[in-house]
Amino acid sequence: MLKMEAAGKFYNHRQQIITALNDVTLDIPKGDFISIVGPSGSGKSTLLMTLGGMLSLSKGRVLLDGQSLYDLSPDKRARLRRKKIGFVFQTFNLVPYLTAAENVQIPLFLAGKDESAQKQRATDLLARVGLSDRLDHKPSELSVGQQQRVALARMLANNPPVVLADEPTGNLDPETSQQVIAFLDEINKEGRTVVMVTHDPQAALMAKRTLSLVDGRVFSDGHHHLATSDEAQTQKDWRQGLSG
C-alpha cells in the first residue's frame, strides 16, 4: 500500500542543514493502523506530509500502490492524492464561510461530482458523525468537537483507502478525543489504512503498532494490542458520545 524507501528531507536554515527525515524506510501494508510518536521537532509531521504527497523528499522515494508519488507531475500527484488519500488535521482547516455540508462537499466538487451527489454524500457522512442537525451551521456556530467531526466527514468524502491524521485530538477534550480515535479505529476495521501522528499515549495505544521518531530517525517499531473488552466498550461508547 504505502512504502518509503531511504527517505531524507533536509532544509537550509541560516546556513545550516536541518535534517527532518534521515534515511527512513517503511512498509505500511493495506489495512494497517500506525501511530507515529516522538518529541517535538522529531520529524513526525514531515513524515506524514511526505507520505501524503504534500511535501517532496530531498532523497529517496514514496510509493502508493507501487506508484512513485514524486516522479509524478504536480497535477497528477494532486489527482492521485484526491482519489486515494484522506487528510485530517489538528486545526481542522474548515472554510469559515461555508456550512458544515458545504465543507464536506469540497473534495466531491474537486472530483467533479454532480451537485446532487455532493449534497447526498455530505448529508450521509455528517449523519454518520452525529451531525444531522448541523448541516447548515458554519464552523463558528459549532463546538470544537463538532468542527473536528465535520473534518472527519470531509476526510471520508471521496472514500479514500488511506487516511493520514496529524494530531487529530490535539485541540480536543479527553472524551471527544476518545470518540475521534474510536472513529479512526472503526474506519480502519472497514479496511482503510490509517497513519496517525499523535502526542497522546492513550491515542497511540489504539493503533495496531507504534512508530517512534527522534531527530528524523526511526528508533522503534513496536506492536501492541488493546484488550478486547476495552476495545469493544470504546467502540460501543463512541457513537453514543456523538450526540453530546
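Rules of the game
Residues numbered from 1 in each chain as written. Predicted model: local features only at pLDDT ≥ 70, side-chain atom pairs only at ≥ 80, totals over all residues. Heavy atoms only, no water. Helix = DSSP H or I, 4+ residues; strand = E, 2+ residues; numbered from the N terminus. Core = buried A, V, L, I, M, F, W, Y, C linked by side-chain atoms within 4.5 Å. Buried < 20%, exposed > 50% of the residue type's maximum accessible area, 1.4 Å probe, protein only. Contact = heavy atoms within 4.5 Å. Expected span 1.5 Å × (residues − 1). Polar contact = N/O pair within 3.5 Å; in protein donor to acceptor, adjacent residues only side chain to side chain. Phe/Tyr/Trp six-rings, centres within 6.5 Å; stacked < 30°, edge-to-face > 60°. pLDDT = per-residue confidence, 0-100.

Caption draft 1: Geometry of unusual backbone geometry. Its identity is not glycine, yet Ala6 carries a phi of approximately 45°, on the positive side. Mapped onto the elements, Ala6 comes out in strand S1 (residues 2–13). Despite not being glycine, Glu167 has its phi angle at roughly 50°, a positive value. Take Glu167: it is sitting in the loop between strand S7 (162–166) and helix H6 (174–189).

Caption draft 2: Here's a closer look at the nonpolar core. Formed by 34 residues in total, the largest nonpolar core has its most connected members in Val104, Leu126, Val150, Met155, Leu184 and Ile187. Listed by contribution, the elements that provide at least two residues to this core are helix H3 (100–110), helix H4 (115–128), helix H5 (144–155), S7, H6 and strand S8 (193–197). Aside from chain neighbours lying at most four places away, what touches Val150 is Leu94, Ala100, Asn103, Val104, Leu126, Leu131 and Leu142. Ranked by size, the runner-up nonpolar core spans 29 residues in total, among them Val24, Leu47, Leu69 and Leu72.

Caption draft 3: Focus on H6. Taking 1.5 Å per residue, 16 residues should reach 22 Å; H6 reaches 23 Å between its end C-alpha atoms and fits that length. With 12 of 16 residues buried, H6 lies mostly within the body of the structure. Those residues of H6 not exposed but buried are Thr176, Ser177, Gln179, Val180, Ile181, Ala182, Phe183, Leu184, Asp185, Glu186, Ile187 and Asn188. The N-cap of H6, judged by a side-chain oxygen 3.1 Å from the amide nitrogen of Glu175 a few residues on, is Asp173. Positive backbone phi, approximately 115°, marks Gly191, located one or two places after H6.

Caption draft 4: Expanded view of the packing of aromatic side chains. This structure, assessed with the given rule, holds 1 aromatic pair. Ring plane angle 5° and centroid distance 6.0 Å describe the contact between Phe87 and Phe89, whose orientation is recorded as stacked. The burial state of Phe87 is the same as that of Phe89; both residues are buried.

Caption draft 5: Focus on the confidence of the model for the protein. When pLDDT is averaged along the protein, the result is 88; 90% of the residues meet or exceed 70. pLDDT under 50 marks residues 226–232. Its contacts with residues more than four places away, or in other chains, come to 5 contacts.

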